[in-house]
Amino acid sequence: MEASLFAQMISESLAKNKEEFNNLSQLIWAHPETQYDEHFAHALLTDFLSKEGFVVEKAYAGVPTAFRAEIATSDYVVGSHPVIAILCEYDALPEIGHACGHNLIAEVGIAAGCAVRDVLLSNSQTKFPGKVVVLGCPAEEGGGGKIDLINFGCFRDIDFVMMAHPFPHDVLHCITLGIERCTVEFFGRATHASCQPWEGVNALDAAISAYNAVSLSRQQMKPDWRAHAIIAKGGTVPNVIPDHSESQYYMRCQNMEDMAILKSKLIQCFECAAEATGCRMVLSWDPKPYLPLRSNRTMASTFGDFAQAENLVYGPDPGLHGSSDIGNVSMVVPTIHPRFFVGESHLIHTREFQKLAGSSKTQPYCLRMAKIMALTAVELFINKSLREKVTREFDGC
Ligand SMILES: [Zn+2]
Ligand SMILES: [Zn+2]
């Protein structure tokens, strides 16, 4: 079948359900739910996918708000034919709701999944066995839902992964930084801050000293390293020397070799602060670090070719790098994670972007992304040499 006929089939599929896709997105936007609490979105999306004929597993991998929905051609044979997963996110941020636009990630993922389904099931005209999986991944904004799915073995039967994230710019070869998170607690001794301050051991001073030492060390950090923190607890009233403080630190790097160096620098700052103030330090690391994204260039290049045909021309990466657990997925399966412009150039995690993510004027951009994603998926199904090239790149051959 001609590639243009697939494009036509995909366009028709997207146009047919576009009101429903928009409705799903708007409903998720209007009911923001934070990490692992996405019960409304989970029910909404799984009900929709069941209605659309997907075989749906709710609470997938023992994670109450994860799901897996799949559909295969009748001649699909496990282990012999390709499996392509399209990922959805649907968690929100505390207080500012869908300021990262994950409702739009869900919209693109569901729309692309349905379009690929329509091509796969038109098997009287097309002959390429395969399976498409729409994977519902909770807790990206902290929590690391995709890491739970990796640890459960959910990606073992999946050959290729795609996901698209809304952003102020279109970015094809997306970079995300690895991130490690830790909590630093200092324990001192409380005393009256005026009568006998010399008897106290000041845990707030330790937190401030550590914070300042990290700030000073930034001059010796590489340009793409990030270290940022808040002091979450620093005492209760000024006339008691604080005997407990708690700070939270995030550290980010483009590779985990640099991360080991950055971590050791920060640990030195924490230890020196404890030493200088006489406090005891307790350091706890988040057990689920996010790894840097290893975007598959072969898959991304195919995606870019289809994007060009849709009048989407990618420019240079504007260099605005966050972190995501899609990085961890990219270490176990060939993955792409393009970012897409949604009509206005507001930075994510802002109130302006939250407002934009709830607007139906983002839909043309979401549908265009879903179309390019579906075309890329179909190309992977039909083009064996492309699949082999993607896998060779992933294997480092
Ligand atoms: Zn975010
Ligand atoms: Zn996000």
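Worth saying up front: this structure is predicted, and the values here are computed from it rather than measured.

## Overview of the coordination of the zinc ion (ligand 1)
Line of reasoning, step 1. Around the zinc ion (ligand 1), the protein contributes the donor atoms Cys 100 (SG), Glu 141 (OE) and His 349 (NE2), at 1.9 to 2.2 Å from the metal centre.
Line of reasoning, step 2. Mapping the donors of the zinc ion (ligand 1) onto the primary sequence gives the spacing C-x40-E-x207-H.
Line of reasoning, step 3. Of the residues examined, Glu 141 reaches a relative accessible area of 17% and is grouped as buried.
Line of reasoning, step 4. Given a relative accessible area of 37%, His 349 falls into the partly exposed group.

## Description of the pattern of salt bridges
Line of reasoning, step 1. Applying the stated rule across the entire model yields 19 salt bridges.
Line of reasoning, step 2. Glu 52 is the partner of Lys 51 in a salt bridge, and the nearest nitrogen-oxygen pair spans 3.7 Å.
Line of reasoning, step 3. Assessed through its relative accessible area of 53%, Lys 51 is described here as exposed.
Line of reasoning, step 4. In this structure, Arg 68 engages Asp 157 in a salt bridge whose closest nitrogen and oxygen atoms are separated by 2.9 Å. Here Asp 157 lies in the loop between helix 5 (145–151) and strand 5 (160–162) and Arg 68 lies in strand 2 (residues 67–72), a separation of 89 residues in the sequence.
Line of reasoning, step 5. With a relative accessible area of 7%, Arg 68 lands in the buried category.
Line of reasoning, step 6. Residue Asp 157 is classed as partly exposed on the basis of its relative accessible area of 33%.

## A few points about the coordination of the zinc ion (ligand 2)
Line of reasoning, step 1. Protein-derived ligands of the zinc ion (ligand 2) are Cys 100 (SG), His 102 (NE2) and His 165 (NE2), with the metal-ligand distances lying across 2.1 to 2.3 Å.
Line of reasoning, step 2. Mapped onto the polypeptide sequence, the residues donating to the zinc ion (ligand 2) form the spacing pattern C-x1-H-x62-H.
Line of reasoning, step 3. Taken as an interatomic distance, the gap from the zinc ion (ligand 2) to the zinc ion (ligand 1) is 3.1 Å; Cys 100 donates to each of them. With a gap of 65 residues between them, Cys 100 in the loop between strand 3 (83–88) and helix 4 (102–120) and His 165 in strand 6 (residues 165–167) connect regions that are remote in the sequence. Here Cys 100 matches His 165 in class, with each residue buried.

## Remarks on the pairing of strand 7 (residues 178–187)
Line of reasoning, step 1. For strand 7, the tally of buried residues reaches 8 of 10 residues, placing the bulk of the element in the interior.
Line of reasoning, step 2. As paired elements, strand 7 and strand 9 (residues 244–253) share 10 bridges and run antiparallel to each other. Paired with Glu 185 across the strands is Glu 246, a residue of strand 9.
Line of reasoning, step 3. Summarising the sheet, strand 7 and strand 10 (residues 280–285) pair through 6 bridges and their orientation is antiparallel. The partner of Glu 185 across the bridge, within strand 10, is Val 282.

## Digging into the side chain of Ser 25
Line of reasoning, step 1. Positionally, Ser 25 belongs in helix 2 (residues 18–30).
Line of reasoning, step 2. We classify Ser 25 as buried; its relative accessible area is 2%.

## Some points on the domain arrangement of the protein
Line of reasoning, step 1. Here the domain parsing of the protein yields domain 1 (3–176 + 291–395) and domain 2 (178–285).
Line of reasoning, step 2. Here domain 1 and domain 2 have C-alpha centroids that lie 38 Å from each other.
Line of reasoning, step 3. Facing 8 residues of domain 1, the contacting portion of domain 2 comprises 8 residues.
Line of reasoning, step 4. Counting the surface domain 1 buries against domain 2, the share from its top three residues, Leu 291, Pro 292 and Ser 323, is 63%.
Line of reasoning, step 5. For the pair domain 1 and domain 2, the interface holds 0 salt bridges.
Line of reasoning, step 6. Taken together, domain 1 and domain 2 are joined by 1 residue pair in polar contact (both at pLDDT 80 or more).
Line of reasoning, step 7. Here the residues of the side of domain 1 that touches domain 2 are counted per class, giving 3 nonpolar, 5 polar and no charged.

## Observations regarding the nonpolar core
Generally speaking, a soluble globular protein has its nonpolar side chains buried in company with each other.
Line of reasoning, step 1. Core analysis: the biggest nonpolar cluster contains 73 residues, and Ile 110 and Met 369 have the highest contact counts within it.
Line of reasoning, step 2. Broken down by element, the residue count for this core peaks at 12 residues, all from helix 11 (residues 363–382).
Line of reasoning, step 3. Discounting residues that sit within four places of it in the chain, Ile 110 has contacts with Phe 21, Leu 24, Leu 45, Phe 48, Leu 49, Cys 88 and Val 134.

## Looking at the sheet that holds strand 4 (residues 131–136)
Line of reasoning, step 1. Taking strand neighbours across the sheet as the criterion, the 6 strands line up as 1-2-4-3-5-11 in an open arrangement whose pairing is mixed. Looking at which strands have only one partner, the edges of the open sheet turn out to be strand 1 (55–58) and strand 11 (335–336).
Line of reasoning, step 2. Bridge count between strand 1 and strand 2: 4 bridges; the pairing is antiparallel. Note that in strand 2 the partner of Lys 58 across the bridge is Phe 67.
Line of reasoning, step 3. Along the sheet, helix 4 contacts strand 2, strand 3 and strand 4; its crossing angle with strand 3, the most-contacted strand, is approximately 155°.

Reading the values: the criteria
Residues numbered from 1 in each chain as written. Chains lettered and ligands numbered in written order. Predicted model: local features only at pLDDT ≥ 70, side-chain atom pairs only at ≥ 80, totals over all residues. Heavy atoms only, no water. Donors = N, O, S within 2.8 Å, 3.2 Å for Na, K, Ca; no water. Buried < 20%, exposed > 50% of the residue type's maximum accessible area, 1.4 Å probe, protein only. Salt bridge = Lys/Arg side-chain N within 4 Å of Asp/Glu carboxyl O. Helix = DSSP H or I, 4+ residues; strand = E, 2+ residues; numbered from the N terminus. Pairing = 2+ DSSP bridges. Domains from an automatic or database assignment. Contact = heavy atoms within 4.5 Å. Buried area = accessible area lost by both parts, 1.4 Å probe. Polar contact = N/O pair within 3.5 Å; in protein donor to acceptor, adjacent residues only side chain to side chain. Nonpolar A, V, L, I, M, F, W, Y, C, P; charged D, E, K, R; others polar. Core = buried A, V, L, I, M, F, W, Y, C linked by side-chain atoms within 4.5 Å. Axes fitted to C-alpha atoms, helices over the stretch in contact; angles between N-to-C directions.

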